[in-house]
Each structure stands twice: as structure tokens, then as C-alpha cells.
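# Reading the structure
Here's the letter readout for the chains.
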Amino acid sequence: MPRSSARLKKLFYAVVAMAVLIGAAAAVVFNVPAAQDAVFKRAATAVLGQTPEPLDGMRVIVCGSASPLGRDPERAEACIAVVTAEHFLLFDVGARSPLRMAQARLPMARINGVFLTHFHSDHIAALPDVNLASWVQGRPAPLDVYGPPGVQSVVDGFNAAYGLDRGYRTAHHGAARLPPERGPMRAHPFDPGEVVWQDDLLTVTSFAVEHPPIEPAVGYRVDYRGRSVVISGDTNAADTLFVAAKDADLLLHDALSRTLLDPMIEAATDLGLPVSGIMTDVIDYHADVTLLPARAAEAGIKRLALYHLVPVPNALTERMFLRGLPNDVILTRDLHTFDLPVGSSEIRIREP
Ligand SMILES: [Zn+2]
Ligand SMILES: [Zn+2]
């Protein structure tokens with residue numbers, strides 16, 4: 001037998017032996033309780049003991065990229081997280097977003113506040129979960145919730161609905177672990193245009209947007225040590241937003257695709273479904289995606305990323321959503337991450 005063929009044969013047997021060994025090890029881990037326990041304990045220690053990587057800049061994480069129109073278990077409803085070494089802020093907290101917060105290992109205990117753009121259910125549904133998650137992880141004060149007028153009634157309502165739940169948890173774990181005075185959320189109403197939150201390093205400024213008939217609805221601009229991100233909330237392509245967003249590094253904007261929505265409306269109309277009327281109504285209160293790139297460029301915005309996608313796209317329709325748009329526009333998915341380092345104009349983008 002030629003030498004090279006003998007070598008190949010040896011290699012083949014070595015690969016087979018390795019595969020058998022790996023298979024046997026996997027079988028032990030999956031089927032032997034003591035091995036399961038040992039592997040799980042190691043994993044739990046690694047996860048719980050993980051320390052966050054140091055951050056010298058602003059990190060923006062999409063915790064929810066969906067609108068209510070469509071279903072995709074991979075997408076939570078509207079939520080954007082902004083994290084720095086000193087801060088952690090949430091902008092809207094739609095349904096399922098707490099799962100993304102957990103996956104992103106966000107520092108719930110040091111949350112500075114939740115900033116609501118308006119009070120549609122797809123922006124506020126997870127408030128009680130965010131309140132509970134940050135409370136049990138040791139938040140040192142009540143959760144502060146900022147929003148335009150109306151935020152007081154939203155917070156009062158959730159506080160009332162979850163009063164029994166808070167009582168059970170303090171009774172179970174004790175007042176030392178879950179101090180009852182930190183349980184109810186605190187509402188902070190403001191008028192659009194106001195600086196809503198500020199310290200030496202970071203400023204959150206609100207501005208009015210167009211989401212009729214919701215009045216007022218707001219968006220937010222966050223400035224941190226020379227870097228900036230703007231979060232639209234739900235709105236048409238609004239002049240007020242592009243003024244407030246002037247020269248921002250990153251704009252996360254609500255987006256509606258007529259390429260996708262129009263055939264859905266036609267299909268629903270042909271079938272005589274009442275939802276066709278609802279679909280038609282949403283057209284005039286979300287931003288037509290084809291208008292956004294030029295407006296963003298005119299305002300000197302460095303990067304446009306789309307979220308709160310109407311309708312929620314899948315792998316095929318993501319391409320249709322982006323049809324005709326410049327290549328650098330980003331259609332976000334949950335856990336898309338944008339790092340804006342201080343002292344630089346760079347935006348590092350991590351896909352989920
Ligand atoms: Zn809305
Ligand atoms: Zn919405």
C-alpha cells in the first residue's frame with residue numbers, strides 16, 4: 001500500500017475514534033445525573049460570577065425591535081437600552097423585552113429610570129417585570145418612570161395592580177431583602193422639550209413627535225461625553241425629531257414598510273377581514289421607511305437604524321423592508337448592539 005494512503009487510513013481511524021469519544025462524553029453528560037449536576041454547577045458559577053466588560057463609551061442595545069403588527073417569537077416589542085459605565089436607562093419596555101434584558105445581562109440593580117415615549121400597550125407592558133427584576137436584584141431606590149403627561153396614571157395603575165404581588169414577595173423574602181418602600185414605582189411627568197434627566201456626564205432631552213391621535217408622544221435624545229443617540233418612539237417622519245436629532249451619531253427610528261403593508265391590506269380586504277381597516281389606520285402614524293434616509297442625512301445623522309418594524313418582517317421580508325434603501329441603513333433585530341466609544345466618531349455594531 002502506498003505510504004500516503006496508509007496515512008490517510010490512520011487519520012480516518014483517528015477521526016472516527018475522536019468522534020466516538022466525544023459522543024460517549026456527551027452521552028455521559030446528558031444521561032448521568034452526577035455529570036449533569038457537575039456541568040450545570042460549573043455553568044451557573046460562570047454565568048452568575050461573570051463581570052461586565054469595561055465600557056468607555058455609550059452602548060445601545062435593541063431589547064425589542066417589533067411592532068404589534070405581526071408575530072415573531074425572536075422579536076420583543078419596543079425597547080431600547082442605553083448603558084454606560086455609570087448609567088443604565090431603558091426607553092420603552094414592550095412585551096417580552098425583559099427576556100432580552102436578561103440575555104444581554106443588563107445591570108438591572110443600577111437602573112436610572114424607564115423613559116416612556118407614550119402609553120400604547122406595546123411600549124409599557126413590561127413595566128411591572130422591569131420593576132420586579134430590578135427590585136430583587138438590589139435596586140437601592142424605587143424605580144423612576146419618566147413620561148409625558150399621563151405617566152402618573154399608568155404608574156398608579158400598575159402599582160395598584162401589583163400591590164398584592166409586592167406584598168407576597170416581601171412576606172416571603174423579608175423586608176431586608178425586598179424593602180417594601182422600594183417596591184412601588186415613582187412617576188415623573190414632564191412636558192415635551194424638557195431636559196428630563198441629567199448628571200455631569202449624561203443628558204436625556206425629550207422632544208415632541210407626531211403619532212396622532214396620541215398627544216403628546218415624545219422621543220428622546222441621549223448625550224454622553226460627546227456621543228449621542230436619538231430614539232424616536234412611534235412617529236411619522238417628524239420635523240421636530242430631525243431638529244432635535246441634528247448631528248447625532250445614531251438614530252433609532254420607528255419604520256413602516258408600504259412594500260409589505262400594502263399587499264397585506266389588499267389580502268385582508270379581499271378576504272373581508274375587519275383587520276384591514278386597522279392596518280390602513282396605522283399608515284398615517286408610523287414613519288414611511290422610504291422617507292427616513294434622506295431626512296436623516298439632511299440632519300447630519302451619522303447612522304440610521306430601524307426598529308419598531310411595521311409589519312414585523314421575517315428572513316424573506318427583511319429584504320423587502322430594506323428595498324430601495326441605502327446600504328448602510330440597519331434593520332435591527334433584538335440584541336443588535338451599537339458601541340459608541342468616547343473620543344471617537346466610530347460606531348461598532350454587533351449583530352445578534
Ligand atoms: Zn404607538
Ligand atoms: Zn408602538
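The structure reproduced in this document is the subject of the present report. This is a predicted model, so every value here is computed, not measured. Counting restarts for each chain: residues are numbered from 1 in the order of the written sequence. Chains and ligands are labelled by the order in which they are written, letters from A for the one and numbers from 1 for the other. Where local features are concerned, this predicted model is filtered to residues with pLDDT of at least 70; where side-chain atom pairs are given and counted, the filter is 80 or more; whole-chain, interface and lining totals use all residues. For side-chain calculations, the full set of non-hydrogen atoms in the structure is used, while hydrogens and water are omitted.

### Points about a nonpolar patch on the surface
Excluding any residue in a salt bridge, patches collect residues exceeding 30% relative accessible area, merging like charges within 9 Å and nonpolar Val, Leu, Ile, Met, Phe, Trp and Tyr side chains within 5 Å. The accessible surface values rely on the Shrake-Rupley method and a 1.4 Å probe; as for residues, cover is taken only from the protein chains in view. Salt bridge criterion: a side-chain nitrogen from Lys or Arg within 4 Å of a carboxyl oxygen from Asp or Glu. Side chains of Phe 12, Tyr 13, Val 16 and Val 20 sit close together on the surface and give an oily, nonpolar patch of about 420 Å² of accessible area. Helix numbers and strand numbers start at the N terminus; a helix is a DSSP run of H or I with at least 4 residues, a strand a run of E with at least 2. Within the secondary structure, Phe 12 sits in helix 1 (residues 3-31).

### Observations concerning the sheet that holds strand 15 (residues 348-350)
Two strands make a pair as long as DSSP finds a minimum of two bridges between them. Strand order across the open sheet formed by eight strands is 6-5-4-3-2-1-14-15, with mixed pairing between neighbours. In this open sheet, the two edge strands, each paired with only one partner strand, are strand 6 (186-189) and strand 15. Each adjacent strand pair in this sheet contributes to an overall mean axis angle of 20°, direction not counted. Across five bridges, strand 1 (residues 57-64) lies against strand 2 (residues 79-83) in antiparallel orientation. Opposite Arg 59, over in strand 2, you have Val 83 as the bridge partner. For helices, the fitted line uses only the C-alpha atoms of the stretch in contact; every axis is such a line through C-alpha atoms, and the angle between N-to-C directions lies from 0 to 180 degrees.

### Re the nonpolar core
Only buried Ala, Val, Leu, Ile, Met, Phe, Trp, Tyr and Cys residues count toward a nonpolar core, and they belong to the same one when joined by side-chain atoms within 4.5 Å. Classification of residues uses two cut-offs on accessible area relative to the type maximum, computed with a 1.4 Å probe and protein chains only: under 20% is buried, over 50% is exposed, and between them is partly exposed. If you look at the biggest cluster of nonpolar residues, it comprises 36 residues, and the most contacted ones within it are Leu 241, Phe 242, Leu 292 and Leu 306. Note on definitions: a residue-residue contact is assigned when non-hydrogen atoms from the two residues lie within 4.5 Å. Contact partners of Phe 242, with chain neighbours within four places excluded, come to Ala 237, Leu 251, His 253, Leu 292, Arg 295, Ala 296, Ala 299 and Ile 301. Residues Phe 190, Val 204, Tyr 220 and Tyr 307 belong to the second largest nonpolar core, which totals 29 residues.

### So, the coordination of the zinc ion (ligand 1)
Each metal site lists N, O and S donors within 2.8 Å (3.2 Å for Na, K and Ca). With water left out of the atoms, a site can look as if it is missing ligands. Within the protein, the atoms that donate to the zinc ion (ligand 1) are His 118 (NE2), His 120 (ND1), His 211 (NE2) and Asp 234 (OD), at distances of 2.1 to 2.3 Å. Separation of the zinc ion (ligand 1) from the zinc ion (ligand 2) amounts to 3.4 Å, with Asp 234 serving as a shared donor to the pair. Taken together, the residues His 120 in the loop between strand 4 (113-115) and helix 4 (121-124) and Asp 234 in the loop between strand 10 (227-231) and helix 8 (239-244) connect sequence positions 114 residues apart. On the basis of relative accessible area, His 120 is assigned to the partly exposed category, the value being 24%.

### Notes on the environment of Phe 40
Within the secondary structure layout, Phe 40 lies in helix 2 (residues 33-48). As for Phe 40 and Pro 73, which are separated by 33 residues in sequence, their C-alpha atoms are 26 Å apart.

### Quick word on the sheet that holds strand 11 (residues 250-256)
Pairing in this open sheet of seven strands is mixed, and the strands run 7-8-9-10-11-12-13 from one edge to the other. At either margin of the open sheet sits one strand with a lone partner, and together these are strand 7 (195-198) and strand 13 (330-331). The pairing of strand 9 (residues 214-224) with strand 10 spans five bridges and is antiparallel. Opposite Tyr 224, over in strand 10, you have Arg 227 as the bridge partner.

### A closer look at the side chain of Ser 206
Summarising the element assignment, Ser 206 is placed in strand 8 (residues 202-211). According to the relative accessible area criterion, Ser 206 is buried, its value standing at 2%. The definition of a polar contact used here is a pair of N or O atoms within 3.5 Å, where within protein one atom must be able to donate a hydrogen and the other to accept one, and adjacent residues in sequence count solely through side-chain atom pairs. Polar contacts involving the side chain of Ser 206 include one to the main-chain amide nitrogen of Gly 193, which spans 3.0 Å. At a separation of 2.9 Å, a polar atom in the side chain of Ser 206 contacts the main-chain carbonyl oxygen of Glu 194.

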